[in-house]
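Observations on the three-dimensional arrangement
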Amino acid sequence: RWEHPEKGVLGPDQFLSILEDSGLIRPITQWVLHEASKQYNEFRLAGFPKVRMSVNLSAVLLKGDSILDVIINVIEQTKVDPNA
């Protein structure tokens, strides 16, 4: 979801194709994964129990060979436990 300042909350169907067509989907996905991983670590440090977390990925990224590199990079940067 994206909270647009003028249009309100927009669903992925309203903006994902723009990100894919512009080539911004990869860096934004990397940012989303990074922020979600950081938040997960903060929850764990605060004493919250382990939970499953999921992040939707664009089919465009799944067709390429770089999404695994992005995921590995985020895990290494944030030190999130991928087995948690």
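Above this text is the structure in question.
Below is a summary of the structure that appears in this document. Treat the numbers as computed from the prediction; the structure is a model and nothing was measured.

Quick notes on the rules
Residues numbered from 1 in each chain as written. Predicted model: local features only at pLDDT ≥ 70, side-chain atom pairs only at ≥ 80, totals over all residues. Heavy atoms only, no water. Helix = DSSP H or I, 4+ residues; strand = E, 2+ residues; numbered from the N terminus. Buried < 20%, exposed > 50% of the residue type's maximum accessible area, 1.4 Å probe, protein only. Polar contact = N/O pair within 3.5 Å; in protein donor to acceptor, adjacent residues only side chain to side chain. Contact = heavy atoms within 4.5 Å. Phe/Tyr/Trp six-rings, centres within 6.5 Å; stacked < 30°, edge-to-face > 60°. Expected span 1.5 Å × (residues − 1). Arc of directions from axis to C-beta. Core = buried A, V, L, I, M, F, W, Y, C linked by side-chain atoms within 4.5 Å. Salt bridge = Lys/Arg side-chain N within 4 Å of Asp/Glu carboxyl O.

1. A short note on the side chain of Ser-58
You can see Ser-58 is positioned in the loop between helix H2 (25-45) and helix H3 (59-63). According to the relative accessible area criterion, Ser-58 is buried, its value standing at 6%. Within polar-contact distance, the side chain of Ser-58 engages the side chain of Glu-20 at 2.5 Å. Leaving out residues up to four positions away in the same chain, Ser-58 has contacts with Glu-20 and Ile-25.

2. A word on the packing of aromatic side chains
For the structure shown, the criterion picks out 2 aromatic pairs. Judged by centre distance (5.9 Å) and plane angle (75°), the ring pair of Trp-2 and Phe-15 falls under edge-to-face. Taken together, the residues Trp-2 in strand E1 (residues 2-4) and Phe-15 in the loop between strand E2 (8-10) and helix H1 (16-22) connect sequence positions 13 residues apart.

3. Things to note about helix H4 (residues 67-78)
Look at H4: 17 Å from first C-alpha to last across 12 residues, which is about the 16 Å you get at 1.5 Å a residue. Listed in full, the buried residues belonging to H4 are Ile-67, Val-70, Val-74 and Thr-78. Looking straight down H4, one finds its buried side chains confined to an arc of 55°; they lie on one side. Opposite the buried face of H4, at more than 90 degrees from it, the exposed residues are Leu-68 and Glu-76. Check the buried side of H4 and you find it contacts H2 and H3. Where H4 terminates, the next one or two residues include Lys-79, which has phi positive at roughly 60°.

4. Observations concerning the nonpolar core
The biggest cluster of nonpolar side chains holds 9 residues, and these are Leu-10, Phe-15, Leu-19, Ile-25, Leu-33, Leu-61, Ile-67, Val-70 and Val-74. At the level of elements, H2 and H4 are the ones that each hand at least two residues to this core. In this view, Val-70 contacts Arg-26, Gln-30 and Leu-33; residues no more than four positions away in its chain are not counted.

5. Here we look at the pattern of salt bridges
Within this structure, the stated rule accounts for 1 salt bridge. Here Lys-38 and Glu-35 are joined by a salt bridge, their closest N and O atoms 3.3 Å apart. Note that Lys-38 and Glu-35 are positioned in helix H2 at a spacing of 3 residues, about one turn of the helix. On the basis of relative accessibility, which here comes to 34%, the residue Lys-38 falls in the partly exposed class.

6. Some points on the side chain of His-4
Relative to the helices and strands, His-4 resides in strand E1. Accessibility expressed as a relative area gives 17% for His-4, which makes it buried. From its side chain, His-4 meets the backbone nitrogen of Glu-6 in a polar contact 2.9 Å long.

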